[in-house]
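So the chains spell out like this:
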Amino acid sequence: MQHPAATQRIGITAVGSHLPARRLTSQQLQDEITAGTRLALPERMLEKATGIRTRRFAADGEYASTLATGAARRALAARGLDPRDIDLLLFASATRDICEPATAHIVQTELGTRAHALDVSNACNGFLNGIDLARAMILAGRARRALVVTGETPSRAMRRDPADAAALRDGFAGYTFGDAGAAVVVEPVERGGILDTATVTASEHWQAGGIPGGGSRHPRGDEYSYFRGGGKELRGIFERIGPAALADLTQRTGLTWDDYARVLVHQVTVPYLERFVELTGAPADRLVLTVPELGNVASATIGIQLDLVKAQLKPGEKVLMIGLGGGVSLMTMVWEAS
């Protein structure tokens, strides 16, 4: 939550996004999954179960840093900035190019910035966490202008050749994924800006879903490089912690759904989003629907939605961002256009 002593206003002054060119329908993906297996799946099963019609996949030679860099260039251009105008670069993604060093340095090399550069990682909430961290560092006098970027290629953690129905079920949440990049410029503003942030965690559920490989527990082995976990379990956790978090937001800020011009929420599937609306009473006409065409693009979701609507917003209009991430965490951020 915003500290009373934080009198300086920090806002999002530019946004950019970047999508890979390759588009794949859910049926095409389903055909790929079944081509090398003996599984017989009903026609359009993936689309019917998820509401996802298409998604974008990064091409060979395109990486998380590639998508982040593309989005960053658009955000810098929208603000009329030179890369050297940035003194803090945060790569805030669930995906990275390599385990070490930080992918932020790869993005920095491509952009030509000379900023303090580091990675921020918190599953699908990483991008919102990155914006929050950038704001905090500017308020602390550690930075003047930040560029927060994400590049997501979760499609590469998708199991394309499940051995049997059990393996298909274990990795089913992974079949919602798509690839994308997003970026924002964060800096002081004269009015509006980020009005409130808060996070709720339920870390006892950290094993509910994720990619186990690449760390000290499972440093090697292809089996650990696939996304595993139950989407239903994660959904149940968010349904338990979400209403209280949103009630606390209303009590803390005095803002209701009527006060928001737009509500940007992390999107996994269409049924998941419909359940969110049913559970919270969020105005469906103020959501920005991205999941049917892009799938679950992890931490890039809210950045892409913001890119779609920012130009339409009038000064003083408020946007509520709601992030959901494995681990488990729920994050809210209230931003006022300036």
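Residues numbered from 1 in each chain as written. Predicted model: local features only at pLDDT ≥ 70, side-chain atom pairs only at ≥ 80, totals over all residues. Heavy atoms only, no water.

**Some details on the overall build of the protein**
Within the protein, the secondary structure is distributed over 10 helices and 13 strands. Once the C-alpha set of the protein is aligned to its principal axes, its extents read approximately 60 × 45 × 35 Å. Expressed as a percentage of its 338 residues, the buried residues of the protein come to 53%. Pairs at least 24 apart in sequence give 79% of the contacts found in the protein among residues at least 6 apart. (Helix = DSSP H or I, 4+ residues; strand = E, 2+ residues; numbered from the N terminus. Buried < 20%, exposed > 50% of the residue type's maximum accessible area, 1.4 Å probe, protein only. Contact = heavy atoms within 4.5 Å.)

**Comments concerning the environment of G112**
Here G112 is to be found in the loop between α4 (103-111) and β5 (116-120). When its relative accessible area of 29% is taken as the criterion, G112 is described as partly exposed. The contacts of G112, once residues within four sequence positions are left out, are P83 and R84.

**Overview of the side chain of D179**
Structurally, D179 is set in the loop between α6 (165-170) and β7 (180-188). Despite its burial, D179 pairs with no opposite charge, the nearest such side chain being R156 at 5.5 Å. In terms of polar contacts, D179 uses its side chain to reach the side chain of S155, at 2.7 Å. In this view, D179 contacts L19, P20, R56, F57, A58, L67, E152, T153, P154, S155 and V297; residues no more than four positions away in its chain are not counted. (Lys, Arg positive; Asp, Glu negative; His and termini not counted. Salt bridge = Lys/Arg side-chain N within 4 Å of Asp/Glu carboxyl O. Polar contact = N/O pair within 3.5 Å; in protein donor to acceptor, adjacent residues only side chain to side chain.)

**Section: the side chain of R55**
Mapped onto the elements of the fold, R55 is located in strand β3 (residues 54-57). Nearest to the buried, unbridged R55 among oppositely charged side chains is E47, at 8.5 Å. Within the structure, R55 has its side chain in polar contact with the backbone oxygen of Y175 (distance 3.1 Å). A distance of 3.2 Å separates a polar side-chain atom of R55 from the backbone oxygen of F177.

**Some points on the sheet that holds strand β12 (residues 318-325)**
The strand order across the open sheet formed by four strands is β8-β13-β12-β11, and the pairing between neighbours is mixed. Edge positions in the sheet fall to β8 (193-201) and β11 (260-265), since each of these pairs with one other strand and no more. Looking at each pair of strands side by side, their axes are set apart by 10° on average, direction ignored. The pairing of β8 with strand β13 (residues 329-336) spans eight bridges and is classified as antiparallel. By the bridge assignment for β13, I194 is matched with W335. (Pairing = 2+ DSSP bridges. Axes fitted to C-alpha atoms, helices over the stretch in contact; angles between N-to-C directions.)

**Quick word on the packing of aromatic side chains**
For the structure shown, the criterion picks out three aromatic pairs. Where F177 meets F227, the ring centres are 5.3 Å apart and the plane angle is 85°; that geometry is what we call edge-to-face. Of this pair, F177 sits in the loop between α6 and β7 while F227 sits in the loop between β9 (209-210) and β10 (228-229), and the two are 50 residues apart along the sequence. (Phe/Tyr/Trp six-rings, centres within 6.5 Å; stacked < 30°, edge-to-face > 60°.)

**Description of the sheet that holds strand β1 (residues 10-18)**
Pairing within the open sheet is mixed, and its five strands lie in the order β1-β7-β6-β4-β5. Since the sheet does not close on itself, it has two edges, and those belong to β1 and β5, each with one partner. If you compare each strand with its neighbour and ignore which way they point, the axes differ by 20° on average. Direction of pairing for strand β4 (residues 88-92) relative to β5: parallel, over a ladder of five bridges. Within β5, the residue paired with A92 across the bridge is V120. Against the sheet, helix α3 (residues 64-79) contacts β1, β4, β6 (146-152) and β7, and its axis sits at roughly 125° relative to β1.

**Let's talk about the confidence of the model for the protein**
Mean pLDDT over the protein: 93, with 98% of residues reaching 70 or higher. A low-confidence stretch, residues 1-5 (pLDDT under 50), is modelled with nine contacts involving residues beyond four sequence positions or located in other chains. (pLDDT = per-residue confidence, 0-100.)

**Remarks on the pattern of salt bridges**
With the rule as written, the count across this model stands at 10 salt bridges. Between R22 and E32 there is a salt bridge, with the nearest N and O atoms lying 3.3 Å from each other. Placement of the pair is R22 in strand β2 (residues 22-25) and E32 in helix α1 (residues 26-35), with a sequence separation of 10 residues. Across the salt bridge formed by D196 and R252, the nearest N and O atoms sit 2.8 Å from each other. Placement of the pair is D196 in strand β8 and R252 in helix α7 (residues 231-253), with a sequence separation of 56 residues. Given a relative accessible area of 4%, D196 falls into the buried group.

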